[in-house]
Amino acid sequence: MAQLRDGFQSRLGFVLAAAGAAVGLGNIWGFPTQAANHGGGAFLLVYFIVIFLLALPALYTELYLGHQAQSNPVQALKQAWQEKGPKIGASAGYIGLFGAIIMLSFYSIVAGWMLAYSIEPIARFFGFEQLSAFLIGDSTLRNFIFTPIMLLLTAGIILKGVKSGIETWSRRLMPMLLLLLVALIAYIGTLDGAVEGFKAYLVPDFSQITDPDLVIAAMGQAFFSLSLGVGCMMIYGSYLKPNANLPKLTASVALLDTGVAFLAGLLIIPAIFVAQHNGVEVFQDGKLIGEGRLIFAVLPELFASMGEVGLLVGLTFFILMSIASLTSTISSTEIPVAFLVENHGFKRNSATWWVTATILLVSSVIILNFDWLFGLVISLFTQYQLPLMGLFYFITVGWMWKRGNQLHLECKGPHYWFAQYVRFVCPVLMTAVFVNVALK
């Protein structure tokens, strides 16, 4: 079966695709304000340390499970639990599968907003005021137009498979994302107020470094920013060649993802301070406004205050956000598609359309019950599923999976100590993250 599977043809293609899966909206709208609100450079320092302590081992664990099984998460976890209870492993795989579909359903809605916001400056430039207002308005109709467009863009890439679809498009989209990010940083850096933003982001406030909240916040952000616990990395790991150098690839993906998160901070925090300099309200209860309000209220207000050049800056920024959304929806869609192809004998084409239709259906339910369902879905997913699945993967690799698990065969050297670290330390760190986010 491994011979029949599509897969990544190059190391670079894999790294760009996996980093693309990890680089989502959380990196761009979550990470920068977390940093600025938790002591700037002090948070960055702690963040880079916990990337090594928790996120790298978690990323390796998830890639390793998929790579060894050369199969989708349901099959991979079932195999890993073969001796102890294959039904437990398969059940966890199904929970991940269900989570991926739910996550995709709300993510596709938000990705649709990004797309609408990226078209809005063009509508305004040509004087289509009503269209412009519709694109940035909060209407159900807009959601029902742009969510399916985003799903179709994702399906178009998935239909072409791993090598011709996911790998090819990741090699196009990720360099474009980096280029747009650097161009925006360079421009925003020239504006009045930007220097204060750079200081707030980069200068460490060491009085906060001993705050346990900062350490836990950094651990949670590191884990979430790598899109762990969904199965994206497991499915991508399964498409690597059997002789791939997994530790090296893990480090490359984490480095690129962390680099993008760091660059996003160099854009977002100075932009917020430029907005404040231009009279936009950017603080709430002494903290910088983050996430949704930052992206859809504060920054558009900043772009509007820039005059004509603001149209180009807004267009560039929301194209960047649309690319970040698309590279994430691709990886999550591949999980249920691979499951249908490998476990139920579907052709890739029909599997892609079945998955797309299912996501559209769930998205429609969320759109029609937006006020109470949207927030609930996000909190259930980020507070419970992701950290608990991350913990489950550590327990699987560290304790439950014996036969065929190379880490269990090591009895000396760095691999042995890494295996002990995954067994004893990582579950404790992951539990701390779970308790913190679940009790928020």
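With an unreviewed UniProt entry as reference, the protein is termed Sodium-dependent transporter, source organism Pseudoalteromonas citrea. In its Subcellular location (unreviewed entry) section, the UniProt entry covering the protein states "Membrane".

*Asks:* What should I look at first to understand the overall build of the protein in this one?
*Replies:* Of regular secondary structure, the protein possesses 18 helices and two strands. Here the protein has a C-alpha radius of gyration of 21 Å; the compact-globule value for 440 residues is 22 Å, and the two agree. Principal axes of the C-alpha set define a box for the protein whose edges measure 65 × 55 × 40 Å. Expressed as a percentage of its 440 residues, the buried residues of the protein come to 57%. The long-range share in the protein, meaning contacts at least 24 apart out of those at least 6 apart in sequence, stands at 82%. A total accessible area of about 18000 Å² is found for the protein, and carbon and sulfur atoms account for 67% of it. Across the protein, the 23 positively charged side chains and the 22 negatively charged ones have centroids separated by 17 Å.

*Asks:* Sorry if this is basic, but what is going on with the packing of helix H3 (residues 41-69) against helix H10 (residues 212-225) here?
*Replies:* In a pair of packed helices, the angle between the axes and the distance between the axes together describe the arrangement. For the pair H3 and H10, interaxial distance at closest approach is 8 Å and the crossing angle is 50°. By the angle between their axes, H3 is oblique relative to H10. Taken as a pair, H3 and H10 cross one another with a handedness that is right-handed. Contact residues: Ala42, Phe43, Val46, Tyr47, Val50, Ile51, Leu54, Ala55 and Ala58 in H3; Leu214, Val215, Ala217, Ala218, Met219, Gln221, Ala222, Phe223 and Ser225 in H10. When the residues that make up the contact of H3 with H10 are grouped by side-chain class, the tally is 16 nonpolar, two polar and no charged.

*Asks:* Explain the side chain of threonine 250 to me, please; I cannot follow it from the model alone.
*Replies:* Within the secondary structure, threonine 250 sits in helix H12 (residues 246-277). When its relative accessible area of 2% is taken as the criterion, threonine 250 is described as buried. In contact with threonine 250, not counting residues within four places along its chain, are Leu56, Leu59, Tyr60 and Leu63.

*Asks:* Can you help me understand the packing of helix H5 (residues 86-125) against helix H7 (residues 140-158) in this one?
*Replies:* At a minimum axis distance of 8 Å, the contact between H5 and H7 shows a crossing angle of 100°. When the axes of H5 and H7 are compared, the pair comes out roughly perpendicular. Of the residues in H7, those in contact with Ser108, Ile109, Ala111, Gly112, Trp113, Leu115, Ala116, Tyr117 and Ile119 of H5 are Arg142, Asn143, Phe146, Thr147, Ile149, Met150, Leu151 and Leu153. A class-by-class count of the residues in the contact of H5 with H7 yields 12 nonpolar, four polar and one charged.

*Asks:* Would you explain the environment of valine 274 in this entry?
*Replies:* Note on placement: valine 274 falls in helix H12. Along the sequence, valine 274 and glycine 193 sit 81 residues apart, while their C-alpha atoms lie 4.5 Å from each other. If we skip the residues at most four places from it in the chain, valine 274 touches Ile188, Leu191, Asp192, Gly193, Ala194 and Leu302.

*Asks:* Before we go on, may I ask you to explain the nonpolar core in this structure?
*Replies:* For soluble globular proteins, the rule of thumb is that nonpolar side chains tend to be buried together. By size, the foremost hydrophobic cluster in this structure holds 157 residues, and its most contacted members are Phe14, Met114, Tyr236, Ile295, Leu299, Phe317 and Phe318. The element best represented in this core is H5, accounting for 19 residues. The contacts of isoleucine 295, once residues within four sequence positions are left out, are Trp29, Met114, Pro300, Phe317, Phe318 and Met321.

*Asks:* Can you walk me through the packing of aromatic side chains in this structure?
*Replies:* Two aromatic rings, taken as a pair, are described by how far apart their centres are and by the angle between their planes. Tallied over the full model, the rule gives 32 aromatic pairs. Ring geometry for phenylalanine 48 and phenylalanine 262: centres 6.4 Å apart, planes at 55°, overall tilted. Taken together, the residues phenylalanine 48 in helix H3 and phenylalanine 262 in helix H12 connect sequence positions 214 residues apart. Look at phenylalanine 48 and you get partly exposed, because its relative accessible area is 31%.

*Asks:* Honestly, the side chain of glutamate 120 in this entry has me stumped. Any pointers?
*Replies:* On the secondary structure map, glutamate 120 appears in helix H5. Taking relative accessible area as the criterion, glutamate 120 reaches 6% and is therefore assigned buried. Side-chain polar atoms of glutamate 120 contact the side chain of serine 132, separated by 2.6 Å. When residues no more than four places from it in sequence are discounted, the contact partners of glutamate 120 are Ser132, Leu135 and Ile136.

Cut-off values and rules
Residues numbered from 1 in each chain as written. Predicted model: local features only at pLDDT ≥ 70, side-chain atom pairs only at ≥ 80, totals over all residues. Heavy atoms only, no water. UniProt positions renumbered as here; feature names shortened; annotations may be inferred. Helix = DSSP H or I, 4+ residues; strand = E, 2+ residues; numbered from the N terminus. Rg over C-alpha atoms; globule rule 2.2 N^0.38 Å. Buried < 20%, exposed > 50% of the residue type's maximum accessible area, 1.4 Å probe, protein only. Contact = heavy atoms within 4.5 Å. Areas by Shrake-Rupley, 256 points an atom, 1.4 Å probe, with all protein chains shown as cover. Lys, Arg positive; Asp, Glu negative; His and termini not counted. Charge placed at Lys NZ, Arg CZ, Asp CG, Glu CD. Axes fitted to C-alpha atoms, helices over the stretch in contact; angles between N-to-C directions. Parallel < 35°, antiparallel > 145°, perpendicular 65-115°, else oblique. Left-handed = near helix turned anticlockwise from the far one by under 90°. Nonpolar A, V, L, I, M, F, W, Y, C, P; charged D, E, K, R; others polar. Core = buried A, V, L, I, M, F, W, Y, C linked by side-chain atoms within 4.5 Å. Phe/Tyr/Trp six-rings, centres within 6.5 Å; stacked < 30°, edge-to-face > 60°. Polar contact = N/O pair within 3.5 Å; in protein donor to acceptor, adjacent residues only side chain to side chain.

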